[in-house]
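# Inside the fold
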Amino acid sequence: MNEWYQKIEAEILKELHTKKEGLSSEKASALLKEKGENILEEGKKKSTVEVFAEQFKDLLVVILVAAAVISMLSGNVESTIVIMAVIILNAVLGTVQHEKAQKSLASLKSLSSPNARVMRDGKKTEVASREVVPGDILILEAGDMVVADGRILNNYSLQVNESSLTGESTNVDKEDGTLESSVPLADRTNMVYSGSLVTYGRAVVVVTDTGMKTEIGKIASLMNATKEKKTPLQVNLDQFSSRLATVIMAICGVVFLLSLYRKMPLLDSMMFAVALAVAAIPEALSSIVTIVQAMGTQRMAKENAIIKELKAVESLGCVSVICSDKTGTLTLNKMTVQEIYLDNQIFKPEELELTNQLHRYLLYDAVLTNDSTIADGKGIGDPTEYALLEMAGKVSVSHSTIRDLMHRLEEIPFDSDRKLMSTKYKLHGVPTILTKGAVDVLLDRTVSIRTSQGIRELTEADKEDILKQNMMFSENGLRVLAFGYKEVEESHVLSLHSENNFIFLGLVSMVDPPREESKAAVADAKTAGIRPVMITGDHKITATAIAKQIGIFEDGDLAVTGAELDAMTDQELDGKIVNISVYARVSPENKIRIVDAWQRRGNIVSMTGDGVNDAPALKKADIGVAMGITGTEVSKDAASMILSDDNFATIIKAVANGRNVYRNIKNAIQFLLSGNMAGIFSVLYTSIMALPIPFAPVHLLFINLLTDSLPAISIGMEPAEYGLLSQKPRDPKEGILTKEFMTKVMIQGALIAVCTMTAFHLGLRQSGVAAASTMAFATLTLARLFHGFNCRSSQSIFRLGFKGNWYSLGAFVLGFSLLSLVMFVPVMEKLFSVTPLTGSQIGIVYGLAIIPTAIIQLTKVAREIGK
Ligand code: ATP
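The model shown is predicted, which means the values in this text are computed figures rather than measured ones.

## Quick look at the pattern of salt bridges
- Tallied over the full model, the rule gives 34 salt bridges.
- Between Asp-538 and Lys-326 there is a salt bridge; the shortest N-O distance is 2.9 Å. Of this pair, Asp-538 sits in the loop between strand 21 (531-535) and helix 18 (540-550) while Lys-326 is found in the loop between strand 9 (321-325) and strand 10 (336-342), placing the two residues 212 residues apart along the sequence.
- The partner of Arg-792 in a salt bridge is Glu-718, and the shortest N-O contact between them spans 2.6 Å. Here Arg-792 is found in the loop between helix 28 (769-790) and helix 29 (797-800), whereas its partner Glu-718 is found in the loop between helix 26 (710-716) and helix 27 (739-767), with 74 residues between them in sequence. The residues Arg-792 and Glu-718 share a single accessibility class, namely buried.
- In this structure, a network of salt bridges that share partners links the residues Arg-117, Lys-124, Glu-126, Glu-141 and Asp-144.

Rendered as structure tokens:
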């Protein structure tokens with residue numbers, strides 16, 4: 001059987017029951033049901049049962065099972081039951097948390113999945129890529145991601161990058177027509193394959209295969225094996241946890257031997273060691289990171305920043321340089337033509353006259369070298385081009401009438417490297433190339449000028465006049481386009497080599513106002529110690545004028561063009577980079593160099609981009625940011641964050657959120673570790689002092705279960721506090737577990753341990769081991785619950801209040817209720833190895849439990865007053 005690439009066009013369309021005008025919506029939805037969604041099934045996703053089973057692979061669980069066995073051997077059946085129940089409950093909690101985190105990541109993924117342009121009911125429409133079906137007519141443009149396999153019907157200089165499929169990183173030229181012989185995939189030049197990126201040109205394609213039937217689908221099973229990737233912070237914490245676990249096991253061993261030496265019965269000694277292990281192993285560290293990060297990314301998505309990989313959340317907090325595009329990110333990307341320069345005169349759009357030949361030529365050029373349209377009063381396509389249609393509309397030139405009359409023969413689309421766009425038409429029977437583009441670029445390719453007197457040679461004086469006018473427009477922050485044309489032979493084929501020897505027509509200036517939020521966001525960035533830098537394809541003077549308006553460019557700063565940058569050595573650039581706040585007329589390659597130079601200085605760089613050619617710079621940056629609205633699929637694919645509103649201010653919000661997530665993770669870890677330390681110190685103390693065992697394993701289990709879950713998560717939900725953006729960016733090399741942090745953890749743990757042991761001593765003295773143990777258990781639990789409030793923020797609770805985080809109060813109330821249940825409901829006594837306490841003993845417990853928090857809060861208040 002012949003393959004798709006070997007068949008003729010008509011045969012393919014017939015076989016797929018489609019036509020060049022595309023499918024009807026009904027047929028498409030029927031096909032969607034029949035063929036299934038156009039998605040690659042992710043590697044076998046772990047089932048809930050598997051996730052649940054995985055929870056038991058933990059070292060802690062092994063120790064707990066040991067504890068259950070020992071309890072059973074020592075005749076304490078109730079304890080065994082409780083331990084087993086706790087193990088299961090722990091696994092259930094772990095499973096729920098895992099599934100929740102996965103769900104929120106999946107929803108982020110669907111937010112960033114690509115769209116495709118297809119013909120439906122004879123009209124060009126945009127649909128989600130998962131809805132594309134075999135038989136759909138797909139329209140591909142530079143910057144698109146190919147979402148299904150297809151055969152090319154019409155080809156306009158299409159180039160694609162198929163590296164995801166073939167491993168070959170150079171772009172391949174495509175063509176239409178049939179291939180006779182059997183050729184390998186990489187040589188099937190009339191086909192496009194799902195997962196490749198369109199880097200240049202356009203094409204109309206009929207979809208032949210979707211989903212798992214595509215070539216990438218066939219090899220997807222190979223890639224499905226990819227494991228869930230852990231973030232650097234998680235890896236770091238995992239390493240820390242396992243190192244700590246080893247140390248703890250060693251201490252447990254020593255404690256065990258010490259107990260034996262003290263002639264403690266074997267089972268009791270073992271129980272003692274196990275209790276210590278249970279209390280000390282911080283098993284929740286890595287999972288708390290995932291949960292807090294997942295919650296953070298959800299919050300960010302609500303605020304228009306879609307995070308594609310969790311790793312980005314961590315780097316966001318360290319960002320110290322933000323390189324941002326101008327057009328659309330810092331400005332509104334709403335262009336309006338202001339003034340037109342023709343034959344040394346300035347006109348407003350409404351002053352143009354159709355009867356004037358020069359004016360008419362400019363209007364033709366503006367409408368025909370243009371791919372935008374107006375539908376229902378709204379502009380579709382490039383705002384720069386849409387502004388030109390509006391300009392034409394002001395002199396009653398209907399772009400659709402002109403376009404209906406003239407047939408476009410050839411075109412070379414605009415790209416931000418060339419900064420030109422050219423088309424070929426037959427104007428009044430004469431083949432003509434129309435072009436528009438950046439003034440400096442076009443002027444270099446111009447030899448004549450058209451004035452009201454006719455065409456004449458372009459003199460140096462003309463050039464000076466044009467450049468002077470360009471300067472005047474630019475100084476007012478206006479974007480300027482130059483227009484030109486030339487007549488050619490019938491046989492002339494439009495190519496990059498044709499873009500010269502033009503006849504100059506005129507200049508059009510347009511305004512693109514800064515976004516309202518940009519100025520404040522730039523100011524916020526600066527107070528946050530982040531350097532905003534503008535990188536734009538626009539003219540240096542225009543860019544500098546806008547940069548000044550929004551505060552990016554300050555006195556003493558430098559503005560550099562791409563050409564000037566090219567002329568600099570790396571050393572020269574390194575010497576100047578801190579002063580350069582505007583890069584103008586840059587090419588996408590320049591962007592990579594700028595990122596590189598900042599990174600050499602140890603900065604964490606965020607870079608925005610929207611075009612196909614921006615992908616390498618987005619990948620090179622620590623945080624590549626793509627534009628959700630105007631960005632190409634290629635740029636979205638390369639980025640680690642997508643702005644669904646294309647707004648610079650959203651990046652700053654995301655950085656603030658990133659910092660907050662990191663702070664919350666750090667606080668949750670502080671809470672978990674200091675609580676564990678309190679347990680370790682207490683058990684170690686009793687062991688060294690040869691006192692009875694303070695806690696039964698179920699006590700420590702209960703505490704772990706209670707505090708590792710809700711209170712820790714509620715700390716992770718703390719909203720960003722005022723002042724988070726007034727701190728300098730975090731040093732990326734500095735981990736969480738610094739000396740200062742660990743000292744704090746130790747001191748707080750010791751404080752809680754002292755109170756716990758005081759309760760233990762008092763209980764021992766008053767009523768013996770059972771009451772002492774109950775008092776120690778209750779004090780430790782309650783003190784840890786109170787400690788949750790301390791870990792929410794560096795601010796005192798009096799400043800912080802509960803308004804921003806009711807969850808923390810909820811977690812406390814729930815924890816306190818459960819503790820009361822265990823202590824005061826008689827049936828629980830046996831299960832949880834507690835005995836009833838007297839009123840004064842309960843008072844002592846409450847009093848001692850609040851002491852560490854009172855001390856910590858008082859020091860915070862003292863610091864706040866001192867400030
Ligand atoms: P940014 O990188 O900030 O988004 P930009 O959008 O201004 O900048 P480009 O789109 O690369 O950058 O435009 C660079 C220059 O190319 C513009 O200053 C303009 O002169 C010219 N230009 C822009 N759009 C078109 C177009 N559609 N056709 C022809 N020339 C264009």
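## Re the site of the ligand
- Looking at the ligand, there are 20 residues lining it, with Lys-326, Thr-327, Lys-436, Arg-479 and Asp-538 nearest.
- Measuring from an oxygen atom of the ligand, one finds a backbone N or O atom of Lys-326 at 2.6 Å.
- Measuring from a nitrogen atom of the ligand, one finds a side-chain N or O atom of Glu-385 at 3.0 Å.
- In isolation the ligand has 620 Å² of accessible area, and contact with the protein removes 92% of it.
- Contributions of two or more residues to the shell around the ligand are made by strand 16 (430-438) and strand 19 (479-487).
- Within the shell around the ligand, the residues separate by chemical class into 6 nonpolar, 5 polar and 9 charged.
- The residues that make up the shell around the ligand include at least three from each of domain 3 (305-332 + 515-646) and domain 4 (336-511).

## Overview of the nonpolar core
- Ile-288, Leu-316, Met-534, Met-641, Ile-669 and Leu-673 are the most contacted members of the largest nonpolar core, which has 131 residues in total.
- Composition of this core by domain shows at least three residues from each of domain 2 (230-303 + 655-866) and domain 3 (305-332 + 515-646).
- Those residues in contact with Ile-669 that lie beyond four places of it in its chain are Leu-237, Leu-285, Ile-288, Ile-736, Leu-737 and Phe-741.

## Focus: the domain arrangement of the chain
- Looking at the assigned domains, one finds that the chain contains domain 1 (4-42 + 106-225), domain 2 (230-303 + 655-866), domain 3 (305-332 + 515-646) and domain 4 (336-511).
- A straight line from the C-alpha centre of domain 3 to that of domain 4 covers 30 Å.
- On the side of domain 4, 14 residues touch domain 3, which itself brings 14 residues to the contact.
- Between domain 3 and domain 4 lies a buried interface of about 1100 Å² when both sides are counted; carbon and sulfur atoms form 48% of it.
- One salt bridge connects Arg-479 with Asp-538, and the closest N-O pair in it is separated by 3.7 Å.
- Between domain 3 and domain 4 we count 5 residue pairs in polar contact (both at pLDDT 80 or more) in total.
- Broken down by secondary-structure element, the contributors of at least two residues to the side of domain 3 that touches domain 4 are helix 18 and helix 21 (588-600).

## Description of the sheet that holds strand 23 (residues 580-584)
- One open sheet holds the 8 strands; their spatial order is 8-26-25-24-9-21-23-22, and the pairing between them is mixed. The outermost strands of the open sheet, each flanked by one partner alone, are strand 8 (305-307) and strand 22 (558-561). Across the sheet, the mean angle from the axis of one strand to that of its neighbour is 20°, orientation sign disregarded.
- Bridge count between strand 9 and strand 21: 5 bridges; the pairing is parallel. Residue pairing for strand 21: Val-321 is matched across the bridge by Arg-531.
- Against the sheet, helix 18 touches strand 21, strand 22 and strand 23, its axis set at about 140° to strand 23.
- Running at roughly 170° to strand 24 (residues 605-609), helix 21 makes contact with strand 9, strand 21, strand 23 and strand 24 of the sheet.

## Let's talk about unusual backbone geometry
- Phi angles above zero are rare outside glycine, and Asp-343 is one such case at about 50°.
- Within the secondary structure, Asp-343 sits in the loop between strand 10 and strand 11 (345-347).
- A residue is classified by how much of its surface remains accessible, and Asp-343, at 25% relative accessible area, is partly exposed.
- The phi angle at Asn-501 is positive, at roughly 55°, despite the residue not being glycine.
- A residue is classified by how much of its surface remains accessible, and Asn-501, at 48% relative accessible area, is partly exposed.

## A look at the pairing of strand 7 (residues 197-209)
- Counting buried positions along strand 7 gives 10 out of 13 residues, so the element sits mostly inside the fold.
- Note: strand 3 (residues 137-141) against strand 7, 5 bridges, orientation antiparallel. Pairing of Ile-137 across the sheet is with Val-206, part of strand 7.
- Bridge analysis of strand 4 (residues 149-161) against strand 7 gives 10 bridges, and the strand direction is antiparallel. Bridge pairing links Asn-161 to Leu-197 in strand 7.

## Things to note about a nonpolar patch on the surface
- Judged by side-chain polarity, Leu-710, Leu-814, Leu-818, Leu-821, Val-825 and Val-827 come together as a nonpolar surface patch covering roughly 480 Å² of accessible area.
- Among the elements that take part in the nonpolar patch, helix 30 (residues 806-824) stands out by supplying 3 residues, more than any other.
- Relative to the assigned elements, Leu-818 resides in helix 30.
- When its relative accessible area of 33% is taken as the criterion, Leu-818 is described as partly exposed.

## Concerning the side chain of Ser-796
- On the secondary structure map, Ser-796 appears in the loop between helix 28 and helix 29.
- The contacts of Ser-796, once residues within four sequence positions are left out, are Gln-857, Lys-860, Val-861 and Glu-864.

What counts and how
Residues numbered from 1 in each chain as written. Predicted model: local features only at pLDDT ≥ 70, side-chain atom pairs only at ≥ 80, totals over all residues. Heavy atoms only, no water. Salt bridge = Lys/Arg side-chain N within 4 Å of Asp/Glu carboxyl O. Helix = DSSP H or I, 4+ residues; strand = E, 2+ residues; numbered from the N terminus. Buried < 20%, exposed > 50% of the residue type's maximum accessible area, 1.4 Å probe, protein only. Near = heavy atom within 4 Å. Polar contact = N/O pair within 3.5 Å; in protein donor to acceptor, adjacent residues only side chain to side chain. Areas by Shrake-Rupley, 256 points an atom, 1.4 Å probe, with all protein chains shown as cover. Nonpolar A, V, L, I, M, F, W, Y, C, P; charged D, E, K, R; others polar. Domains from an automatic or database assignment. Core = buried A, V, L, I, M, F, W, Y, C linked by side-chain atoms within 4.5 Å. Contact = heavy atoms within 4.5 Å. Buried area = accessible area lost by both parts, 1.4 Å probe. Pairing = 2+ DSSP bridges. Axes fitted to C-alpha atoms, helices over the stretch in contact; angles between N-to-C directions. Patch = residues over 30% accessible without salt bridge, like charges linked within 9 Å, V, L, I, M, F, W, Y side chains within 5 Å.

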